[in-house]
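Residue strings, one per chain:
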Amino acid sequence: MSSGRNRGIFDGLPIPADKSYLREGLSRIDESWATARFDSLPHVVHILTSRDREGEVQFLKEQSDLIEDVVDEVVHAYHHGFNKAIQNYSQILRLFSESAESISTLKVDMAEARKLLGSRNKQLHQLWYRSLTLRHILSFLDQIEGVAKVPSRIEKLVAEKQLYAAVQLHVQSMLLLEREGLQVVGALQDVRSELTKLRGVLFYKILEELHGHLYNKGEYSSSTLNMLDGDDIPTTAIGGVVSGQSLSRRTRSMKGESNFGAGSSLLSSVDEGSSFDGHDEESSAADGRTKDSRSSLRDIPAWLSSASPDEFLEAIKKSEAPLAVKYLRTLVECLCMLGKVAAAGAIICQRLRPTIHDVISTEIKVYSERTTKARLTQGAKPDLCSSKGFLEGSKWLKHKNKNGSSLNGTQQIVSPISPLMTPTGQAQHAASELLASVLNSIIHILENHFIVGELLETKSLAHGDSINTPKAASAAEVNCNPDSESSQVTGGYSVTFSLSVVQSECQQLICEILRATPEAATADAAVQTARLANKTPVKEKRDGSEGLSFAFRITDTSVSVQNEAQGWKRGANAHQEGYGTGSVLPDLGIYLAASVYRPVLEFTDKLRSLLPEKFSQTGNDGLLAFLENFLKDHFLPAIFVDYRKCVQQAISTPAAFRPRVQATSVYSPLVEKGRPVLQGLLAVDFLAKEVLGWAQLMPKYASELVEYVRTFLERTYERCRTSYMEVVLERQSYMLLGRSDMENLIRLDPASALLENASDEQNLGSNVLNAETLEIEMQISDLLWSLRPIKQENLIHDDQKLILLASLSDSLEYLADSIERLGESFVRPTSLDDKSRNHHHHTRSSSAIPKSLATLSNEYRKLAIDCLKVLRLEMQLVTIFHMQEMTNREYLEDQDADEPDDFIVSLTSLITCRDEEMAPFISELKRNYIFGGISSVAANASIKALAEIKSINLLGVQQICRNSIALEQALAAIPSMDSDAIQQRLERVRTYYELLNLPFEALRAYMSEHEYLFSSKEYTTLLKVSVPGREIPRDA
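Residues numbered from 1 in each chain as written. Predicted model: local features only at pLDDT ≥ 70, side-chain atom pairs only at ≥ 80, totals over all residues. Heavy atoms only, no water.

With an unreviewed UniProt entry as reference, the protein is termed Exocyst complex component Sec8, source organism Carex littledalei. The record held by UniProt for the protein lists under Function (unreviewed entry) the comment "Component of the exocyst complex involved in the docking of exocytic vesicles with fusion sites on the plasma membrane." The UniProt entry for the protein carries the following text under Sequence similarities (unreviewed entry): "Belongs to the SEC8 family." (UniProt positions renumbered as here; feature names shortened; annotations may be inferred.)

Shown next as structure tokens:
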């Protein structure tokens, strides 16, 4: 027996848990008892063949009893269900019987009804037609009732600033009133009249909103939204759009007419079976549609929360434009739906110029209040703005030199402008900051105008007069070109017009800052600009290539600049209504044009990036063109004339080339610490820096300004050359400097070579004596010695002229260094093709000095070196002039030499005096160069003079040695002089003359040992000179 299988068969039987023995008994029953085709023969045979037949029979009875007990439990468990099934079956049989009887009765009744209906068909048709008529009358009354409520609903929407929803409701209501059935209703005439009035109210309300947002004064303008956090942006998340009225299922929307979704999609036609005001059933249906649409709508702006769904609303939701732009699009769409585009454009055109004027005036007042508050907060006047680079050199004006004379007054006397108007002056900084602030506000306003203008133009090109009512499109409302179809449709308003008017007002502001005098100030500016803004042929506008023609009210200007004036003065015919810049800026005038240039340049760049693409290739930089023409035609010539006059005055005054310094002062390489630069050159240096300071503000015109500076410096160089020639003309030193042999020797002289190549003055003091150096010095000395007799009238005997040469040399060196610094800080434009206007940015160039300035710097440095060379030659000639006295006397002394000769005393006194007088005007190392050639010339002259001395004794030798010692002491007292080199040269003189004290044999032996110490000619002279007590063989 398989208990597992039996358990599976009898598991589903409902056996109680307290009779589990029944289940165990069932599990012991053999499966053969449960087969479908039971065979009893095997069981009978088994019992008969069994030993215990009674036991087997008893076992079968027990199993039979067990099965009966199980059957009893099953019957007991399913007894109620069996009874219920039997009852249901009986009821079904009863219902079927009753239905059969009812159907038989219904067939009889329907046959009778068919007979009755067939006999009254005409009467039923009349009743049906009457019901349709009554239904239509009810719908008609509902529509009348709904239209009567529209004005109040529109007023409510306007009060809630739901302008788009109000326009939707108005447009739809007007369409309903134009329907055939409602036109003859006299009761709706008042409603129709009220809706006509509301059209004007809506128009002006929308226009005021548009006007406010055009100038960033509205609730949704960019300036207002920038002050709010991202979470505070006024949008609303709704599941559905709350409609002004429930629409019928048969309401259809017209397709949108623009890329933003046309407002005309709101115009709905209501069929006969619809109700305008809406019944409860239709309201329920609308609520159902609202719930169905909640999953498809996203957040929309708050001003559209009451609008009905249409293509424009869907486009706004999908658009990623800023909220301010969306609001402008909404207002333009409202104007298109009302058909008031031309009227709105005309009014915007009329308001544009005065509004821009008010915006500029307000911005100036705000700037004035801000600066006043900042000044009061700081408790002091703001510091003047400073600029790095080559303008840093002007800081010396704030100091006093060691002589106590203030240099601050130099600028007021030299410069044609006041300190406020300089490139780093407070007026320049204030004008630039003010104009930048104004133009920044203007650029945001223009951005809004570009958006609105492009929207209106796009709609006008796509739909023409359909966006206007017939009367609204009249060209008489504005003063515009009648050939321009687009301007007629938009009332004359366009991107071109707004750009022209705004730039015209900005130009008027600039003219006020510059004190310009417009010739056409009394003309009607609005009409004039509107006329100028529409000169492009119609066909050009159709293809999107409309040009931005731009002209200003100022057609000509007259320059009246005085040396001490600040620029143009306002004429009698100047515009009376200004912007109030005079109360904000420290000063006004033509020289503020430089500070105006950069803000205008940045404004033009921003303008180019904001303009629509089709305007990007046209002339949209009228303001910049005006300013550049002004700079080129008026400002730059004024700079040239004024500064040229100042340069001429600076170098023509008697004090321009007059050295002024205290005798006890010490030379300083810094002007701030008293470097005695000549007043004329110091003034020219200041003026050159100031002229190039304008290039810092106007990099585009740096080349012209550099050319001006070059002209000024050339004139200054000519004046310096004239002053130099006045000192050296017909002087032997200057004529000697022009000789080719002396020029070659000076070029080979290590001291002069170092001087010409000296970027480092320290090299001037490192004059190492070697064979080559001594040979050059010997040739120069021989050449100078050959010029005897030197006459005093051929020398520069006026010490003041020598001081002037020294001061001129140092001043020229200072100016040359300053020119190089100016050139290294030179700013040039990155683009050479300025007329293309593709690139207006400027960067600082590499440190390469412009060629014109580099050439001038070299000329100045060369003239400075010539002054030093003349001074060196002059001192060498003075030395020869005094040393030539040795050849006119005999040195047969009768007593020891206590004092040097008179000519040596005179020479040493002259050297000391001139050194002291030149010390404040020239550096020590250059003084070394000037006085450094004396020792070699004096030593060579002393040795050469022996050949012409008739006789000399031992005391005479001592006298000459005493002379050399005195000269050595005088030269060594000069600071920075190489005393070792001086001693070496003059010690050679003493050695040479002391050889006269030696007997012939000793002298001969010395000559053999020191063959190259002196030349053979010099040794021969030692033998030829007559020395008392010394015997020289005839064959010596």
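That covers the picture; the talk isn't over yet.
Draft legend 1. Spotlight on the overall build of the protein. Assigned secondary structure in the protein consists of 35 helices and four strands. Per-residue burial for the protein yields a buried fraction of 49% across its 1036 residues. Taking contacts inside the protein between residues at least 6 apart in sequence as the whole, the part at least 24 apart equals 80%. When the accessible surface of the protein is totalled, it reaches about 51700 Å², and 52% of it is carbon and sulfur. (Helix = DSSP H or I, 4+ residues; strand = E, 2+ residues; numbered from the N terminus. Buried < 20%, exposed > 50% of the residue type's maximum accessible area, 1.4 Å probe, protein only. Contact = heavy atoms within 4.5 Å. Areas by Shrake-Rupley, 256 points an atom, 1.4 Å probe, with all protein chains shown as cover.)

Draft legend 2. Spotlight on the side chain of Ser415. Position of Ser415 among the secondary structure elements: in the loop between α13 (408-414) and α14 (426-463). Classification of Ser415 as buried rests on a relative accessible area of 5%. At 2.6 Å, the side chain of Ser415 forms a polar contact with the side chain of Glu690. (Polar contact = N/O pair within 3.5 Å; in protein donor to acceptor, adjacent residues only side chain to side chain.)

Draft legend 3. Region of the structure containing the packing of aromatic side chains. On inspection of all chains with the given rule, the structure shows 18 aromatic pairs. Plain terms: the ring middles of Phe635 and Trp694 are 5.7 Å apart, the flat faces sit at 90° to each other, and that makes the pair edge-to-face. Placement of Phe635 in helix α20 (residues 622-652) and of Trp694 in helix α21 (residues 679-697) is noted, with a sequence separation of 59 residues between them. In terms of burial, Phe635 and Trp694 fall into one category: buried. Taken together, a centroid distance of 5.7 Å and an interplanar angle of 20° make the contact between Phe640 and Phe712 stacked. Of this pair, Phe640 sits in helix α20 while Phe712 sits in helix α22 (residues 702-728), and the two are 72 residues apart along the sequence. (Phe/Tyr/Trp six-rings, centres within 6.5 Å; stacked < 30°, edge-to-face > 60°.)

Draft legend 4. Broad picture of a negative patch on the surface. On the surface, Glu62, Asp65, Glu68, Asp69 and Asp72 cluster together into a negatively charged patch. Its location among the elements puts Glu62 in helix α4 (residues 53-119). (Patch = residues over 30% accessible without salt bridge, like charges linked within 9 Å, V, L, I, M, F, W, Y side chains within 5 Å. Salt bridge = Lys/Arg side-chain N within 4 Å of Asp/Glu carboxyl O. Lys, Arg positive; Asp, Glu negative; His and termini not counted. Charge placed at Lys NZ, Arg CZ, Asp CG, Glu CD.)

Draft legend 5. Seen up close, helix α32 (residues 954-972). Between its terminal C-alpha atoms α32 stretches 27 Å, which fits the 27 Å expected from 19 residues at 1.5 Å a residue. The residue sitting at the N-terminus of α32 and contributing the capping side-chain oxygen is Asn953; that oxygen lies 3.3 Å from the backbone nitrogen of Leu955. (Expected span 1.5 Å × (residues − 1).)

Draft legend 6. Region of interest: the packing of helix α28 (residues 851-883) against helix α29 (residues 902-918). The geometry of α28 relative to α29 is characterised by a closest axis approach of 9 Å and an angle of 160° between their N-to-C directions. The angle between α28 and α29 falls in the class roughly antiparallel. Between α28 and α29 lies a crossing of right-handed hand. Every residue of α29 that contacts α28 at Leu871, Met875, Val878, Thr879, His882 and Met883 is listed here: Phe903, Ile904, Ser906, Leu907, Leu910, Ile911, Arg914 and Met918. Residues belonging to the contact of α28 with α29 are distributed by class as follows: ten nonpolar, three polar and one charged. (Axes fitted to C-alpha atoms, helices over the stretch in contact; angles between N-to-C directions. Parallel < 35°, antiparallel > 145°, perpendicular 65-115°, else oblique. Left-handed = near helix turned anticlockwise from the far one by under 90°. Nonpolar A, V, L, I, M, F, W, Y, C, P; charged D, E, K, R; others polar.)

Draft legend 7. Region of interest: helix α33 (residues 979-994). Along its 16 residues, α33 runs 22 Å from first to last C-alpha, staying within 8% of the 22 Å computed at 1.5 Å per residue. Every buried residue belonging to α33 is among Ala981, Ile982, Arg985, Leu986, Val989, Arg990, Tyr992 and Tyr993, and all of these are buried.

Draft legend 8. Geometry of the packing of helix α7 (residues 189-214) against helix α12 (residues 341-378). The interhelical angle for the contact between α7 and α12, taken along N-to-C directions, is 40°, at an axis separation of 11 Å. Considered as vectors, α7 and α12 are oriented oblique to each other. α12 is crossed by α7, and the crossing has right-handed handedness. Mapping the contact onto sequence places Phe203, Tyr204, Leu207, Glu208, Leu210, His211 and Leu214 in α7 and Ala343, Ala344, Ile347, Ile348, Arg351 and Thr355 in α12. Taken together, the residues of the contact of α7 with α12 break down into nine nonpolar, two polar and two charged.

Draft legend 9. Focus on a nonpolar patch on the surface. Together, Leu134, Ile137, Leu138 and Leu141 make up an exposed nonpolar region whose accessible area comes to about 370 Å². Turning to its location among the elements, Leu141 is positioned in helix α5 (residues 121-159).

Draft legend 10. Summary view of the nonpolar core. In this structure, Phe635, Trp694, Met698 and Tyr993 are the most contacted members of the largest nonpolar core, which totals 240 residues. Sorting elements by how many residues they give to this core places α28 first, with 17 residues. The residues contacting Tyr993, other than those within four sequence positions of it, are Met886, Ser942, Ala945, Leu946, Ile949, Ile952, Val957 and Ile960. In this structure, Ile15, Leu26, Ile29 and Leu66 belong to the second largest nonpolar core, which totals six residues. (Core = buried A, V, L, I, M, F, W, Y, C linked by side-chain atoms within 4.5 Å.)

Draft legend 11. Expanded view of the pattern of salt bridges. Inspection of the entire model under this criterion finds 30 salt bridges. A salt bridge links Glu707 to Arg710, with the shortest nitrogen-to-oxygen separation between them at 2.2 Å. Of this pair, Glu707 and Arg710 both sit in helix α22, three residues apart, which is roughly one turn of the helix. Classification of Glu707 as partly exposed rests on a relative accessible area of 35%. The partner of Asp901 in a salt bridge is Arg889, with the nearest N and O atoms 3.0 Å apart. Here Arg889 lies in the loop between α28 and α29 and Asp901 lies in the loop between α28 and α29, a separation of twelve residues in the sequence. Asp901 sits in the buried class, given a relative accessible area of 7%. Taking relative accessible area as the criterion, Arg889 reaches 28% and is therefore assigned partly exposed.

Draft legend 12. Representation of the side chain of Glu1018 in the model. With respect to the secondary-structure elements, Glu1018 resides in helix α35 (residues 1016-1024). Its relative accessible area of 6% is what places Glu1018 among the buried residues.

Draft legend 13. Spotlight on unusual backbone geometry. Looking along the chain, the bond that leaves Arg788 and enters Pro789 is cis, with omega of 0°. For Asn216, which is not glycine, the phi torsion reads 60° and is therefore positive. Assignment of secondary structure puts Asn216 in the loop between α7 and α8 (222-225). With a phi close to 65°, Glu730 is a non-glycine residue in the positive phi region. Note that Glu730 resides in the loop between α22 and α23 (732-737).

Draft legend 14. Main features of the state of the cysteines. Under the definition given, this model contains zero disulfides. With no disulfide of its own, Cys336 has Cys334 as its nearest cysteine by sulfur position, at a separation of 9.2 Å. Cysteine Cys867 shares no disulfide, and the gap to the nearest cysteine sulfur, in Cys720, comes to 8.7 Å. Among the residues examined, Cys867 registers a relative accessible area of 0% and is labelled buried. (Disulfide = S-S within 2.5 Å.)

Draft legend 15. Spatial organisation of the confidence of the model for the protein. Put simply, the protein has an average pLDDT of 75, and 74% of its residues get 70 or more. Below a pLDDT of 50 lies the segment residues 380-412, which in the model reaches 61 contacts outside its immediate sequence neighbourhood of four places, other chains included. Note on residues 469-484: pLDDT under 50 across the span, and 34 contacts to partners over four residues away in sequence or across chains. (pLDDT = per-residue confidence, 0-100.)

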